[in-house]
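Geometric and topological summary
Here's the letter readout for the chains.
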Protein chains: 4
Amino acid sequence: MVVIMKPNFTPEQLQEAIQAMKAGGVQVNISKGSETTVLGAEGNAAGIDQELLEQLPGVEKVMRVTEPYKKANRKFHPDDSVIDLGGGALIGGKKLAVIAGPCSVESEAQITAVAQAVRESGACALRGGAFKPRTSPYSFQGLECEGLNLLQKAKEATGLPIVTEIMGTEYVELFEECVDVIQVGARNMQNFDLLKKLGKRTTKPILLKRGLSATIEEWLMSAEYIMAGGNQKVILCERGIRTFETFTRNTLDLSAVLAVKSLSHLPVVVDPSHACGKAWMVERMAMAAVATGADGLIIEVHNDPKNALCDGAQSLTPDQFTDVMGKLAAVAPCVGREV
Amino acid sequence: MVVIMKPNFTPEQLQEAIQAMKAGGVQVNISKGSETTVLGAEGNAAGIDQELLEQLPGVEKVMRVTEPYKKANRKFHPDDSVIDLGGGALIGGKKLAVIAGPCSVESEAQITAVAQAVRESGACALRGGAFKPRTSPYSFQGLECEGLNLLQKAKEATGLPIVTEIMGTEYVELFEECVDVIQVGARNMQNFDLLKKLGKRTTKPILLKRGLSATIEEWLMSAEYIMAGGNQKVILCERGIRTFETFTRNTLDLSAVLAVKSLSHLPVVVDPSHACGKAWMVERMAMAAVATGADGLIIEVHNDPKNALCDGAQSLTPDQFTDVMGKLAAVAPCVGREV
Amino acid sequence: MVVIMKPNFTPEQLQEAIQAMKAGGVQVNISKGSETTVLGAEGNAAGIDQELLEQLPGVEKVMRVTEPYKKANRKFHPDDSVIDLGGGALIGGKKLAVIAGPCSVESEAQITAVAQAVRESGACALRGGAFKPRTSPYSFQGLECEGLNLLQKAKEATGLPIVTEIMGTEYVELFEECVDVIQVGARNMQNFDLLKKLGKRTTKPILLKRGLSATIEEWLMSAEYIMAGGNQKVILCERGIRTFETFTRNTLDLSAVLAVKSLSHLPVVVDPSHACGKAWMVERMAMAAVATGADGLIIEVHNDPKNALCDGAQSLTPDQFTDVMGKLAAVAPCVGREV
Amino acid sequence: MVVIMKPNFTPEQLQEAIQAMKAGGVQVNISKGSETTVLGAEGNAAGIDQELLEQLPGVEKVMRVTEPYKKANRKFHPDDSVIDLGGGALIGGKKLAVIAGPCSVESEAQITAVAQAVRESGACALRGGAFKPRTSPYSFQGLECEGLNLLQKAKEATGLPIVTEIMGTEYVELFEECVDVIQVGARNMQNFDLLKKLGKRTTKPILLKRGLSATIEEWLMSAEYIMAGGNQKVILCERGIRTFETFTRNTLDLSAVLAVKSLSHLPVVVDPSHACGKAWMVERMAMAAVATGADGLIIEVHNDPKNALCDGAQSLTPDQFTDVMGKLAAVAPCVGREV
């Protein structure tokens, strides 16, 4: 970290700035030019409270040279993290991990049928929403606890580990008990209380979706919240960001996959279904995600998309999903992966 | 609501669309042109699940004519809502409501001194953070429950009702008991579980900050979540949106005040401190907010900004706050208000 | 400017970086810490090619301490610039400058009637589009040269200087001859060829609209292009930026007025009509603009808004405009201005 | 197009709306419900002036069912357009078209060496900037006309057609004469005067870059401007959009490739170099672009990136470019293409 002092700083202000840096556990190197005085941190600056420093009266600007996250940082963990989802599924290794299933759990017949279909096509885990974040209080909110039961039945029938979204801290114990991978939705990416509790009270992998307008650094800082609490099993999920474009529901930021893989050791999956909001776009965007180096995909599949209670327009049929898996198998070797 | 069918829809698809509309409690008027068939809802369309309708296979486009919120909608509640904050403070009436205080509660001496100072200058309520949403897990997280105690002491000393942020559902009962106005932060604007519980389990006014990239409709839908649960006392707070501009922390959207006042009966306050992030900008942006018709302001005041633990750069001193109150008193009559 | 070197830079890379800084006309102060080596520019860094420096192989980061613009920079021109529009109208002084008129020039009767009406209500200049930037090639493109003739007739009839938009370099000579203030539209803010030619070939004030997604620094750099060419008479115009909100046509960024007034000596006007796109919002947003310290306003007025060929929905009638002028006269003294 | 009338419209207002629709060349179907009256256009609505219609006093909302562009619309031109760049290079067919070269033309030796290298690796055209759009008037502006001469020498030496950017209308005749593909930069995407003149006065293909914050519809409308003028040879170029992310220079929107290919018959190329701003990201993003179905790529290659006068950080060396071509050859068959 480099701190630039204001032109007419006082000796007291200089001491304040130095103290604030030292409080973060670093040594301070002072460089006085004829016009600009610069303070350089020697040591790991992640412990420095940058916001506090920026508002000191003698400080002009603060510039990080190193990232504010430690546990999620590839610099301190050069090897890729490989996370075990259960049921033999790994994410972060050579084999591409494909998580598939419907937006919402609707019935035992529906979720079990989809689970069997996607397992046969090569999916390694089943997704399905029991608690649904909806913009309107008058929209279908999911089957809630009953949905969790149905997911477990689908797991018993297929052996696939289940991935489902948590909506608040009161469900942490329940999810720890009956879910294999706990998803944090885009709108909760900075629900810091939830992140803290997931870090301290769970041992299950957390699939952390990127917020609608979050920067990559904010996203990694949210991962850091979970990891600082004690749970190192974080899977990042790029699901599209909000832009001015309305053709797609969101804009899939595939360069984020490359960025995150360079900055962090955590695995990254891509959700082309929610990003695009149109089933016909999923195949090509999934192929592109593999080409960028994503560790996995999360794809919506429904046995009857046109009667889905939620997001049918972006769901593939099981047959379409089988085709997509075939296409992914063709692309994967181009980047040293297998399906 | 108007639904436009795809060019080659089948009779079954038409029936599906009509059914989905009727399920929302409206009658359907069918207009068949030579090229386009349009379905019009007759009655209140707020109960229709628009997302479901949009993904029906025969549907081309869905266009709302009326808004998806009811309880927050001015059409059904033409008069301005006036909300009682306690301690004689009202928001939404002729008198401008100014809420002031530090970003974070730091000590009894600090919060009490600020409370007394801002009361003397005309503030009607005290703000102060006990639980702080911070991007980094390594930043100061607030005094938490001890902070609530200190806020209560400041209330006892001054009579000012207290406004403070809630971070999760597990604190709802505590806040209902010891806080006068419960603030929901920008990052929790779509924490739907929290909104639901605040609606069902609290009687205190909720100050709902706009999300960093939220549209006005999404913001009003979050208010609707609280109101649908039973608590009608929602105060909206414009606090700046994320844009490409970096000179200010966020970009204060003052036209949102006018928009919200036309769409909803709920009172709106403006937070120029967080939006701008620079103390010297607060006075003028506060005056501009009053000119647009805001019902109140929420302003950061600290007795020692340069040593504040959080957001000192955007805090006014008590003397500066007194000056701002004088300026607001000058602008208020231009829009039929008083301070 | 401060340059941070990469951890393992070579002596050659250090020399390259120093050379690139010196080529911009500064001395270089080298600070070698045990971990970070920092180069500080001593002198005016505006001449340094920052992009070039950022891509040198040994350079980690470049951080400007001073702004990249000189002629537009308040640091080197502390006093407010006051620009003469002709006809006795000044902009940048104590008196608020209000420019008014229709979106498009439509006929002699229309433009003359509007000009007379707005002059009587206190406008100091007449706006009207002769060449119109339209998203679609099939939309009305303006009366073009005939429109310029009609504007001149309105000027003869009223004495008001005329403000109108230029669309390309081939019109520069024509505009220099027959227009009083040359407007550069938002979509041409980075049409660098046009900016250069306006700088070198005109003596008339240039009203430079902010681009739809431009940062303040980019906007000031576009002003710098004109000023570097020789024409110092640049008036900045905030006209709303593109955000995710759709209630308004754009989002008026009033904090930009404060930002620009602190960074630059150039006058700033605000266009609430184009920003909001709704006539009923203009009065309050214009009042708010005055409260922030804008030097003037540009307001759409049409004698028959509902039959306007362009942007009728955001045009005031002459009577409404008279009311707005009265409101502005009430707010202006609050910020030391007069109307 | 569907027009929804306001609740209390008058008969005159209804007639106004109908007239405005008929003026665009359509028949109007009127549907009066008990609450909502809807007007449906029968026929091609592209000729209707939507903005005019939206501001009629009796009109509540206007909703396009068909797109506002005709010549660029796939509905009216179902087959892919294949555009001849000269020198045997086609774009839009089965063979992937790769355009490569340096950001700026710097010297005869440089541009000829790069041209020979990229031709050997399989590039079908040479890119190089002679006129450079730079944010700062103090940055290198390109070799200008001398740059065009050097590009022609490189063409003579290699046979590769040349692609270079035009900055204003005064160069249209010159470019028509000595350039093979005329590039319109992102900042000029809505320089309508330039688009009109390119449409009317050139026969060469136009490579139209997407604006920094442009929607896909706005981009296609800019293509429509060129095509409406008479030049049908438009190549669209996705080069990243502005988002809140700063890791990359811009955010490459690969779903735009799919969107444009479905909406339009025009070919689309992707520029991963400018979008990412980092050479190490180019290979993977180029592979991903091919996976989405892009018709070609435009890639920056420099024989000495660390001494490039412009954008060296994002330039590949010739050897790296050869490697990338190999990777593209592996991905191309997955989507039915060849390199």
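Keep in mind that this is a model prediction, so the values were computed, not measured.

Splitting chain A by domain gives domain 1 (2–63) and domain 2 (83–335). For domain 1 of chain A versus domain 2 of chain A, the separation of C-alpha centres amounts to 42 Å.

What follows is about the interface of chain B and chain A. Of the residues lining the interface, 52 residues belong to chain B; the matching set on chain A comes to 52 residues. For the pairing of chain B and chain A, the buried interface totals around 4,200 Å² over both sides, and the portion due to carbon and sulfur atoms is 44%. For chain B, the biggest contributors to the area lost against chain A are Gln55(B), Thr135(B) and Tyr138(B); these three give 15% of the whole. Glu218(B) serves as the salt-bridge partner of Arg242(A), at 2.4 Å between the closest nitrogen and oxygen. Connecting chain B to chain A are 20 residue pairs in polar contact (both at pLDDT 80 or more). Elements supplying a minimum of two residues to the side of chain B that touches chain A: α2 (50–54), α6 (192–201) and α7 (216–229) of chain B. Among the elements that line the side of chain B that touches chain A, the one with the most residues is α7(B), at 5 residues. Classifying every residue of the side of chain B that touches chain A by side-chain character gives 21 nonpolar, 14 polar and 17 charged.

Now for helix α10 (residues 279–292) of chain C. Residues and elements named next belong to chain C. For α10, built from 14 residues, the straight-helix expectation of 20 Å at 1.5 Å per residue is met to within 8% by its first-to-last C-alpha distance of 21 Å. Most of α10 sits out of view: 11 of its 14 residues are buried. Buried residues of α10: Ala279, Met281, Val282, Met285, Ala286, Met287, Ala288, Ala289, Val290, Ala291 and Thr292, and no others. Gly293 sits one or two positions beyond α10 and adopts a positive phi of about 110°.

Moving on to the relation of the copies chain B and chain A. Between the two copies, chain B and chain A, the superposition gives an RMSD of 0.0 Å; the rotation angle is 180° and the shift along the axis is 0.0 Å. The operation mapping one copy onto its partner corresponds to a two-fold rotation axis. Mapped onto chain A, 100% of the interface residues of chain B again fall at the interface, so both copies present the same surface.

Residues and elements named next belong to chain B. Burial along strand β11 (residues 206–209) is two-sided: Ile206 and Leu208 and Leu207 and Lys209, pointing in opposite directions, are all buried. Sheet topology places strand β10 (residues 181–184) next to β11; 3 bridges connect them, and they run parallel. Directly across from Val184, in β11, lies its bridge partner Leu208. Regarding topology, α6 serves as the crossover connection from β10 to the parallel β11, and that connection is right-handed. In the sheet, β11 pairs with strand β12 (residues 234–238) via 4 bridges, with the strands oriented parallel. Residue pairing for β12: Lys209 is matched across the bridge by Cys237. Handedness of the crossover joining β11 and β12 through α7 is recorded here as right-handed.

With that settled, the discussion passes to the interface of chain B and chain C. Tallying the contact residues gives 33 residues for chain B and 33 residues for chain C. Together, the buried faces of chain B and chain C total about 2,700 Å²; carbon and sulfur atoms form 72% of this surface. Summed over the three residues of chain B that lose the most area to chain C, namely Leu258(B), Arg284(B) and Cys334(B), the buried surface amounts to 20% of that side. If you look at where chain B meets chain C, you find 2 salt bridges. With a shortest N-O distance of 3.5 Å, Arg210(C) and Glu245(B) are connected by a salt bridge. Here chain B is connected to chain C by 6 residue pairs in polar contact (both at pLDDT 80 or more). Counting residues per element, the ones that place at least two in the side of chain B that touches chain C are α8 (255–263), α10 (279–292) and α11 (318–331) of chain B. When residues in the side of chain B that touches chain C are grouped by element, the largest group, 8 residues, is from α10(B). Split into classes, the residues belonging to the side of chain B that touches chain C amount to 19 nonpolar, 9 polar and 5 charged.

All names here are of chain C. As summarised here, the arrangement of the 8 strands in space is β7-β8-β9-β10-β11-β12-β13-β14, forming a closed barrel in which the pairing is parallel. Neighbour to neighbour, the strand axes of the sheet diverge by 30° on average, direction disregarded. Lying over the sheet, helix α4 (residues 145–158) contacts β8 (125–127) and β9 (162–166), oriented at roughly 165° with respect to β9. Running over the sheet, helix α11 (residues 318–331) touches β7 (97–101) and β14 (296–300) and is turned about 170° from β7.

Next up on the list: the packing of helix α10 (residues 279–292) of chain D against helix α11 (residues 318–331) of chain D. All names here are of chain D. Close contact between α10 and α11 brings their axes to 9 Å; oriented N to C, the two are set at 25°. Classified by the interaxial angle, the pair formed by α10 and α11 is roughly parallel. Considering only the axes of α10 and α11, their crossing is right-handed. Note on element contacts: α11 touches α10 through Asp323, Val324, Lys327, Leu328 and Val331, opposite Glu283, Ala286, Met287, Val290 and Ala291. Residues of the contact of α10 with α11, tallied by class, amount to 7 nonpolar, no polar and 3 charged.

Procedures and definitions
Residues numbered from 1 in each chain as written. Chains lettered and ligands numbered in written order. Predicted model: local features only at pLDDT ≥ 70, side-chain atom pairs only at ≥ 80, totals over all residues. Heavy atoms only, no water. Domains from an automatic or database assignment. Contact = heavy atoms within 4.5 Å. Buried area = accessible area lost by both parts, 1.4 Å probe. Salt bridge = Lys/Arg side-chain N within 4 Å of Asp/Glu carboxyl O. Polar contact = N/O pair within 3.5 Å; in protein donor to acceptor, adjacent residues only side chain to side chain. Helix = DSSP H or I, 4+ residues; strand = E, 2+ residues; numbered from the N terminus. Nonpolar A, V, L, I, M, F, W, Y, C, P; charged D, E, K, R; others polar. Expected span 1.5 Å × (residues − 1). Buried < 20%, exposed > 50% of the residue type's maximum accessible area, 1.4 Å probe, protein only. Least-squares fit on C-alpha atoms with pLDDT ≥ 70 in both. Pairing = 2+ DSSP bridges. Right-handed = clockwise from strand over helix to strand, strands pointing away. Axes fitted to C-alpha atoms, helices over the stretch in contact; angles between N-to-C directions. Parallel < 35°, antiparallel > 145°, perpendicular 65-115°, else oblique. Left-handed = near helix turned anticlockwise from the far one by under 90°.

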